[in-house]
Each structure stands twice: as structure tokens, then as C-alpha cells.
Amino acid sequence: MMTDLFSKFDALIEQREHLLSTGLTDPFNLVMERVESPTVAICNGQRTILLGTYNYMGMTFDPDVIASGKQALDDYGSGTTGSRVLNGTYAGHKACEEALKTFYAMDHAMVFSTGYQANLGIISTIAGKDDYIVLDIDSHASIYDGCALGNANIVPFRHNDVEALEKRLKRIPDGAKTLVVLEGVYSMLGDIAPLKEMVAVAKAAGAMVLVDEAHSMGFIGEHGRGVAEAHGVIDDVDFIIGTFSKSVGTVGGFCVSNHPKFEILRLVCRPYVFTASLPPSVVATAATSIGKLMHGADKRAHLWDNSQKLHAGLKALGFTLGTETPQSAIIAVIMPDLEKGAAMWDALLREGLYVNLARPPATPANMTLLRCSLCAEHSADQVDQILGMFEAAGRATGCID
Amino acid sequence: MTDRAETDARVKALIEPFNKKGVAVGDATRFAQDLEWDSLTVLDFVATIEDEFDILITMNQQAEIENVGQLVDAVEKPKG
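Scoring rules and cut-offs
Residues numbered from 1 in each chain as written. Chains lettered and ligands numbered in written order. Predicted model: local features only at pLDDT ≥ 70, side-chain atom pairs only at ≥ 80, totals over all residues. Heavy atoms only, no water. Helix = DSSP H or I, 4+ residues; strand = E, 2+ residues; numbered from the N terminus. Rg over C-alpha atoms; globule rule 2.2 N^0.38 Å. Buried < 20%, exposed > 50% of the residue type's maximum accessible area, 1.4 Å probe, protein only. Areas by Shrake-Rupley, 256 points an atom, 1.4 Å probe, with all protein chains shown as cover. Lys, Arg positive; Asp, Glu negative; His and termini not counted. Charge placed at Lys NZ, Arg CZ, Asp CG, Glu CD. Contact = heavy atoms within 4.5 Å. Polar contact = N/O pair within 3.5 Å; in protein donor to acceptor, adjacent residues only side chain to side chain. Phe/Tyr/Trp six-rings, centres within 6.5 Å; stacked < 30°, edge-to-face > 60°. Lys NZ or Arg CZ within 6 Å of the ring centre and 35° of its normal. Axes fitted to C-alpha atoms, helices over the stretch in contact; angles between N-to-C directions. Parallel < 35°, antiparallel > 145°, perpendicular 65-115°, else oblique. Left-handed = near helix turned anticlockwise from the far one by under 90°. Nonpolar A, V, L, I, M, F, W, Y, C, P; charged D, E, K, R; others polar. Buried area = accessible area lost by both parts, 1.4 Å probe. Salt bridge = Lys/Arg side-chain N within 4 Å of Asp/Glu carboxyl O. Patch = residues over 30% accessible without salt bridge, like charges linked within 9 Å, V, L, I, M, F, W, Y side chains within 5 Å.

1. Brief notes about the overall build of chain A
For chain A, the helix and strand inventory stands at 14 helices and 16 strands. A compact globule built from 401 residues would reach a C-alpha radius of gyration of about 21 Å, and chain A, at 21 Å, matches this within 12%. Projecting the C-alpha coordinates of chain A onto the three principal axes gives extents of approximately 60 × 55 × 55 Å. Among the 401 residues that make up chain A, the fraction classed as buried is 55%. As displayed, chain A offers around 17000 Å² of accessible surface, 54% of which is attributable to carbon and sulfur atoms. With 32 positive and 46 negative side-chain charges, chain A shows a separation of 3 Å between the mean positions of the two kinds.

Dropping the structure here:
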């Protein structure tokens, strides 16, 4: 008998075939044929409002951002073809790191090729075989993968449970070094972490703290530095991880820190060293965007209005939401099961609305979610249209009465 | 009772509230296949064991623990 290493995927292949046999559009194979703006694209020939992009601040079509990218293409070419530690650090990479240091008011910034690699690289490099990582059970895949790559001892605690975190910290063997990993906003349900309490508990136990602020940068906290800033604990956080692929509007990841020995990571962090650096146009757009996000107070206020309006409207229609009140720019609509969720997703797309369908194992508690992420560029009219589409699709699929 | 027998009895008593299928529990009873626990049940159960014995069972250890006997061994181990 020939070995087939793919046999482990049989159950998933079967589930997928079953779902698609009902005539639904494949939710994981959608093509954006044209993109008009941060909030509108053409999908299957139809004009579609985008409500699942994480493009929170709508920077992807900002004229200054685009101009800086074009200029960098002309000045530096299409790519660096090299690692940051060899031929892949251009003036633009340093400028991008300077922009991050200014944005966060921190001493050090290190840019990675993706947000996934930022978590993978920092976590695996600072916490090794004899170290302990205490993390929220609902942590992002890149955090778990970082723990596994470094071969650290992984201690999970119940989602957002301060007492559970504290108990586990007390049980870490004497002398062991500990990293506590938290997220500002958890992207599945759009809820935020009680960072004030958690960071205090972690520091009292002598642990270092890393907070992933991927989904909060640009609009949570007075300067848009994230939940740690909003909760007044950013000075006690040792490492902040972030991404350029959400509010910043391009691709890439980063870590900022005040640790005095931080710069040594550039030589010992494998996901930083053994990959090509970001193209010059990408770091140019990122630096321009980060600079503009520092002055985005009005856009931030409008984004919060959108989030509150959508949350209240969906609740009034009778949908079950991931949070009692809007806590971020993510509003998660909880579906009873995958089949209903896929049907609702398909019905919304036909109405002209794109949301994210999220399913286990990415979701907590095996939930199927329709995840909506708002953009500062969504107009109040668009939010009204979105609510109308949810109402029509919800009734057509029997998700609401 | 020996220490191990006592730990064994306490672990089995803690399993019962999670034993929705009413499976007869022995050392060889497997959590995933026999008790049919999903990842959420495992999380709750591990937290219960950790609190009862005031120990940590890391995810690395959990990956090696397939049945009840192995769990009792893991609980006994930190006592040295």
C-alpha cells in the first residue's frame, strides 16, 4: 500500500465537499476582481461593500500613502532580494522603524516581513526550552506557533480570566523565566483583554509581558497605541507586537520595546534573519501611513460611531453578538452552526456584502462566526445599507424571525 | 492507601462530573477516544486538576497524556 500523507485531511475534504454540494459560494475562495476603495470591491461581477478587511483606518487608498509607495518603486526598485541583516536594509526600512519608535514613544523597533513572523520570531527567540510561556487559551495561531518553534513550556489559562492567570504564575517552578503573552483585542469575538489587571499580576510575579496589539493599533488609546495605552499600562509592557496589514494598510509586522538589549534580536531571531525583507514600496507606504495615523483622531471617532451603530442595529434585529457592548472595530455575529453560517454568508454576499466566515479551529468554543470589521471610511449610509442586508439575509436563511 | 492510590482516587472522582457518557473509568481509559472529550472539556478538566493538586500541567505534558493512568503519573511526578 502506497503511503498517502494526505489521508489526515479526508474528513475536512469531505465536510467541504458536502457544504459546497448545496450550491453555496465557497467562502474561502472568493476573488476580489476589482477594488474601488477601502470599503467597496467587485466580487463575482457585483459591487460589494467590504465589512471583513481589518482595514480599520482605511489607509489603503490614502493619496499620500500611495504616492510614497510609487516614489519608492521608482527610487529603489521592486524588491530588496535580501535579508535585513545582509543586503535587505534600505533607508526605507530604517525610516519605517523610526516612524514606529515615534508612534509608540519607544526606544526600539524591529520590522518583520509579516505580523505572523513578528510573533513567531520574537516569542520563539526570547522563550526557549526551559522557559515558561503563560498565555490566553484563545491566542492567535502565530502566538502558539511561536511557542512551539521555541520549544517553551506552554501554560494556557481561561480566556480573559485574571485569577486563572495569577494562579498559574504562582505555580511556575522557582527560578524559571516566564513570558506572559496577551492580546489587546481578541479578533474572533472582538472583545478586549483586562490588561490593567493582567499586566499588574504578571509584573508582580516577575514575568516579562508581550502584548499583541494587531487589532487595536491606530484607534484604541489616546495616541492609537492600543489597549495597553488605553488601560494605562503601556510602560509596564516589555514587548508590543503589531502588524501593517490592518490599520496601517499594507503588509508586514513589527515589535517595539524599551528593553536595553533589544537590538541583539536582529542577529538571533531566525524568522527575521532567514527571509527577505519587505519591498521598498511597502515600507514607504507603511511609514507614511503610521505618520498619518498619529493625527487620526477624527477618523477614530467616526470608526467608534460606526462600531456602536452596527452593534446596536444587529442586536435590535435579533442577532446574537460576540460581546454585550461594542469593544473594538470587530463585531462578531454568532451563528448556530457551520451550515447556517455558510448559508448566511452566501446570502449576504448575494445582497452585496462581504464579511469573514470564521469556523473552528480558529474560533473559540467551536463557534461559527460572521465576523464584521468596520472601517473609518464606512459612511453612516453604508452602515444603514449593511443593516438592511443583514435583515434581508437573516430572514431569508431563517437566522432571525 | 499509598500516595498513588490516593491520587488515583482523587483524579477519578474529578473525572466523574465530566464523564457525561457514564464510561467505566480505569487506568487505560483514554480521554479523547473513550471519554470523547473535546478541547474545551479538556481545558476545563485540566484546570480542575491543576487547582485540586496546585500543580501545572503544561500543554507540552498534555500532548503526552492519553489515558487516566498517565495523568495520575503526571500528577504524582511534581511531588518528586
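So that's the structure; there's more coming.
2. Topic: unusual backbone geometry
Look at Asn 44 of chain A: it is not a glycine, yet its phi comes out positive at around 50 degrees. Within the secondary structure, Asn 44 of chain A is located in the loop between strand E2 (40-43) and strand E3 (46-50). Positive phi is not limited to glycine here, since Glu 36 of chain B has a value of about 55 degrees. Inspection of the secondary structure puts Glu 36 of chain B in the loop between helix H1 (3-15) and helix H2 (39-53).

3. Section: helix H4 (residues 68-76) of chain B
In an α-helix, one turn spans 3.6 residues, which is why side chains three or four residues apart end up on the same side. Residue and element names in this part refer to chain B. Where burial is concerned, most of H4 is hidden: seven out of the nine residues are buried. The set of residues buried in H4 consists of Val 68, Gly 69, Leu 71, Val 72, Ala 74, Val 75 and Glu 76. In the core, the buried residues of H4 are packed alongside H1 and H2. With a side-chain oxygen lying 3.2 Å from the backbone nitrogen of Gly 69, the N-terminal cap of H4 falls on Asn 67.

4. Structural notes on the packing of aromatic side chains
Going through the model one piece at a time under the given rule, you end up with 17 aromatic pairs over all chains. Judged by centre distance (5.4 Å) and plane angle (35 degrees), the ring pair of Phe 31 of chain B and Trp 37 of chain B falls under tilted. In terms of burial, Phe 31 of chain B and Trp 37 of chain B fall into one category: buried. Among the aromatic residues, ring-to-ring pairing joins Tyr 54, Tyr 56, Phe 219 and Trp 304 of chain A into one connected group. The side chain of Lys 8 of chain A reaches across the aromatic face of Phe 9 of chain A, ending 5.5 Å from its centre.

5. Observations regarding the packing of helix H12 (residues 297-317) of chain A against helix H14 (residues 380-397) of chain A
Residues and elements named next belong to chain A. Running from amino to carboxyl end, H12 crosses H14 at an angle of 20 degrees, the nearest separation of the two axes being 10 Å. In this view, H12 runs roughly parallel relative to H14, as classed from their interaxial angle. Two packed elements cross with a definite hand, and for H12 against H14 that hand is right-handed. Residues His 302, Asn 306, Lys 309, Leu 310, Gly 313, Leu 314 and Leu 317 of H12 touch H14, and the partners they reach there are Ala 380, Val 383, Asp 384, Ile 386, Leu 387, Phe 390 and Glu 391. By residue class, the composition of the contact of H12 with H14 is eight nonpolar, three polar and three charged.

6. Here we look at the interface of chain B and chain A
The partner chain A presents 15 residues to the 13 residues of chain B that form the contact. When the buried area of chain B at its contact with chain A is split by residue, Leu 43, Leu 56 and Met 59 of chain B rank highest and sum to 42% of it. On inspection of chain B and its partner chain A, the count reaches five salt bridges. One salt bridge connects Asp 51 of chain B with Arg 171 of chain A, and the closest N-O pair in it is separated by 2.8 Å. For the interface between chain B and chain A, the tally reads nine residue pairs in polar contact (both at pLDDT 80 or more).

7. So, the environment of Asp 212 of chain A
Residues and elements named next belong to chain A. Mapped onto the secondary structure, Asp 212 falls in strand E10 (residues 208-212). Asp 212 gets classed as buried once you look at its relative accessible area, which sits at 7%. Separated by 25 residues in the primary sequence, Asp 212 and Ser 187 place their C-alpha atoms 11 Å from one another. Side-chain polar atoms of Asp 212 contact the backbone nitrogen of Ala 214, separated by 2.8 Å.

8. Topic: the pattern of salt bridges
All names here are of chain A. Using the criterion set out here, one finds 30 salt bridges over all chains in the structure. Note that Glu 98 is salt-bridged to Lys 101, the shortest N-O span being 3.0 Å. Placement of the pair is Glu 98 and Lys 101 together in helix H3 (residues 91-104), with a separation of three residues, close to one helical turn. The partner of Glu 263 in a salt bridge is Arg 266, and the shortest N-O contact between them spans 2.6 Å. Given the relative accessible area of 12%, Arg 266 is considered buried. One connected set of salt bridges, linked through shared partners, spans Arg 84, Lys 94, Glu 97, Glu 263 and Arg 266.

9. Some words on a nonpolar patch on the surface
Residues and elements named next belong to chain A. Together, Val 85, Leu 86, Ile 264, Leu 267 and Val 268 make up an exposed nonpolar region whose accessible area comes to about 500 Å². By the secondary structure assignment, Leu 86 is in the loop between helix H2 (63-76) and H3. For Leu 86, a relative accessible area of 69% corresponds to the exposed category.

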